[in-house]
Amino acid sequence: MARLGANQYGKAEIRLMKVDRGSERHVLHDLNVSIALAGEMKEVHRRGDNTVVLPTDTQKNTAFAFAREHGVGEIEEFASLLSRHFVDSQASIHRARVHIEEYAWERLGTAPHSFAQSGREVRTTTVTYDGRGHRVLSGLTGLVLLSSTGSEFRGFAKDRWTTLAEASDRILCTSVDATWRHTGQANDWGKSYAAARAALVEAFADTYSRSLQQTLYAMGERVVSSVPGVAEIRLSLPNRHHFLVDLQPFGLENPGEVFHVDDRPYGLIEGTVLADDAGEDAEAW
């Protein structure tokens with residue numbers, strides 16, 4: 001005998017570009033939308049009865065139609081609108097989760113409608129609606145930060161296989177992936193995102209780093225203590241290693257100026273920082 005466990009289905013990575021043409025100065029919303037629906041799906045799995053299955057193609061079309069009818073605005077708002085629609089319009093759907101990545105574009109000079117794709121990080125959101133309320137996560141991926149000094153790594157545990165030399169001054173570089181959980185609806189999602197991003201960047205720059213773990217905590221602490229409505233933040237920080245090149249074979253000194261950038265393998269530091277009033281146990285996301 002067997003029984004069906006947790007399951008969901010949906011349309012993944014819907015590439016959607018919305019151009020706001022309400023004024024001469026156009027605005028781009030470049031999104032990657034993924035939808036996942038869960039509910040009473042036992043019969044489709046066990047017997048192939050598709051009665052309650054809303055096609056994933058319909059989900060894709062809904063995203064396009066909603067972008068036209070309602071606009072996109074802040075991605076948290078757009079994800080909330082979509083997630084509520086699928087639960088409220090389909091009796092068989094009990095939970096909808098919408099994840100959105102937004103890609104940045106920069107204007108070309110003063111041109112009102114010409115752009116270049118930005119090299120900035122990707123803004124993200126994941127909104128889950130279960131018929132009772134929304135759970136909103138915001139975040140970013142690929143925020144590359146580097147300090148050329150102000151970082152060390154010393155006093156670590158050693159065993160017979162340790163070859164890493166202690167460093168009293170090193171380059172610290174990472175590519176930040178961060179997701180933070182809101183306690184409710186923000187008054188302005190754009191301002192909230194900008195404040196969280198600024199807190200991450202400022203904490204990285206302000207912290208004299210004795211380890212990437214210390215830096216991770218400082219960044220997370222800055223967000224939950226300074227951005228209203230953020231209960232916790234999860235951070236993933238790969239250590240983008242920069243190793244000093246030995247130039248002595250060429251008769252050259254290297255006073256901390258030339259480095260080899262080693263992309264793999266890399267240290268990966270991950271952790272969660274909670275606001276004081278969030279409780280000891282992080283909520284399952």
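So, how was this worked out
- Residues numbered from 1 in each chain as written.
- Predicted model: local features only at pLDDT ≥ 70, side-chain atom pairs only at ≥ 80, totals over all residues.
- Heavy atoms only, no water.
- Pairing = 2+ DSSP bridges.
- Helix = DSSP H or I, 4+ residues; strand = E, 2+ residues; numbered from the N terminus.
- Axes fitted to C-alpha atoms, helices over the stretch in contact; angles between N-to-C directions.
- Contact = heavy atoms within 4.5 Å.
- Core = buried A, V, L, I, M, F, W, Y, C linked by side-chain atoms within 4.5 Å.
- Buried < 20%, exposed > 50% of the residue type's maximum accessible area, 1.4 Å probe, protein only.
- Parallel < 35°, antiparallel > 145°, perpendicular 65-115°, else oblique.
- Left-handed = near helix turned anticlockwise from the far one by under 90°.
- Nonpolar A, V, L, I, M, F, W, Y, C, P; charged D, E, K, R; others polar.
- Phe/Tyr/Trp six-rings, centres within 6.5 Å; stacked < 30°, edge-to-face > 60°.
- Lys NZ or Arg CZ within 6 Å of the ring centre and 35° of its normal.
- Expected span 1.5 Å × (residues − 1).
- Arc of directions from axis to C-beta.

Engineer: Now, about the sheet that holds strand β6 (residues 122-129): what can you tell me, with residues and values included?
Structural biologist: Two orientations exist for strands paired in a sheet by backbone hydrogen bonds: parallel and antiparallel. Across the sheet, eight strands lie side by side as β1-β2-β3-β6-β7-β8-β9-β10; this open sheet has antiparallel pairing. Here the strands that pair on one side only, and so sit at the sheet edges, are β1 (14-20) and β10 (259-274). Taking each pair of neighbouring strands and ignoring which way they run, the sheet shows an average axis angle of 20°. Relative to strand β2 (residues 27-39), β1 runs antiparallel, the two sharing seven bridges. Directly across from Asp20, in β2, lies its bridge partner Val27. Running over the sheet, helix α2 (residues 56-70) touches β1 and β2 and is turned about 10° from β1.

Engineer: So what's going on with the nonpolar core? Which residues, and what values?
Structural biologist: Here is a general trend for soluble globular proteins: nonpolar side chains tend to be buried in one another's company. Core analysis: the biggest nonpolar cluster contains 28 residues, and Leu31, Val33, Phe78, Leu82 and Ile100 have the highest contact counts within it. Of all the secondary structure elements, the ones that give two or more residues to this core are β1, β2, α2, α3 (75-89), β3 (93-103) and β6. By residue number, the principal contributor to this core is α3, which donates six residues. Residues contacting Leu82, with those up to four places away along its chain left out, are Val33, Thr62, Ala63, Phe66 and Val98. Within the second largest apolar cluster, 26 residues are counted, among which are Trp180, Tyr193, Val223 and Ile269.

Engineer: An account of the packing of helix α4 (residues 189-206) against helix α5 (residues 212-226) is requested, with residue identities and associated values reported.
Structural biologist: At a minimum axis separation of 8 Å, α4 and α5 run at an interaxial angle of 140°. Taken together, the axes of α4 and α5 are oblique relative to one another. Our pair here, α4 against α5, has a crossing hand that is right-handed. Taken together, the residues of α5 that come into contact with α4 (itself represented by Ala196, Ala199, Leu200, Glu202, Ala203, Phe204 and Asp206) are Thr215, Ala218, Met219, Arg222, Val223 and Ser226. Partitioning the contact of α4 with α5 into residue classes produces eight nonpolar, two polar and three charged.

Engineer: Kindly report on the packing of aromatic side chains, identifying the contributing residues and their values.
Structural biologist: Per the stated rule, a full pass over the model turns up two aromatic pairs. A centroid spacing of 4.8 Å and a plane angle of 15° characterise the contact between Phe153 and Phe156, whose relative ring orientation is stacked. In this structure, Arg123 is placed above the aromatic ring of Tyr193, and the distance from its NZ or CZ to the ring centre is 4.7 Å. When the ring centre of Phe156 is taken as reference, the NZ or CZ atom of Lys158 above it lies at 4.5 Å.

Engineer: Describe α3, with residues and values.
Structural biologist: Taking 1.5 Å of rise per residue, 15 residues should cover 21 Å, and α3 covers 21 Å from first to last C-alpha, within 8% of that figure. Considered for burial, the residues of α3 that qualify are Ile75, Glu76, Phe78, Ala79, Ser80, Leu82, Ser83, Phe86 and Val87. Buried residues along α3 sit against β2, α2, β3, β6, β7 (134-147) and α4.

Engineer: Describe α2, listing the residues and the values that go with them.
Structural biologist: The end-to-end C-alpha separation of α2 is 21 Å, in line with the 21 Å expected for 15 residues at 1.5 Å each. Among the residues of α2, those classed as buried are Gln59, Thr62, Ala63, Phe66 and Ala67. The buried side chains of α2 occupy one side of the element, clustering within an arc of 130° when seen end-on. Turned more than 90 degrees away from the buried face of α2 sit Arg68 and Glu69, all of them exposed.

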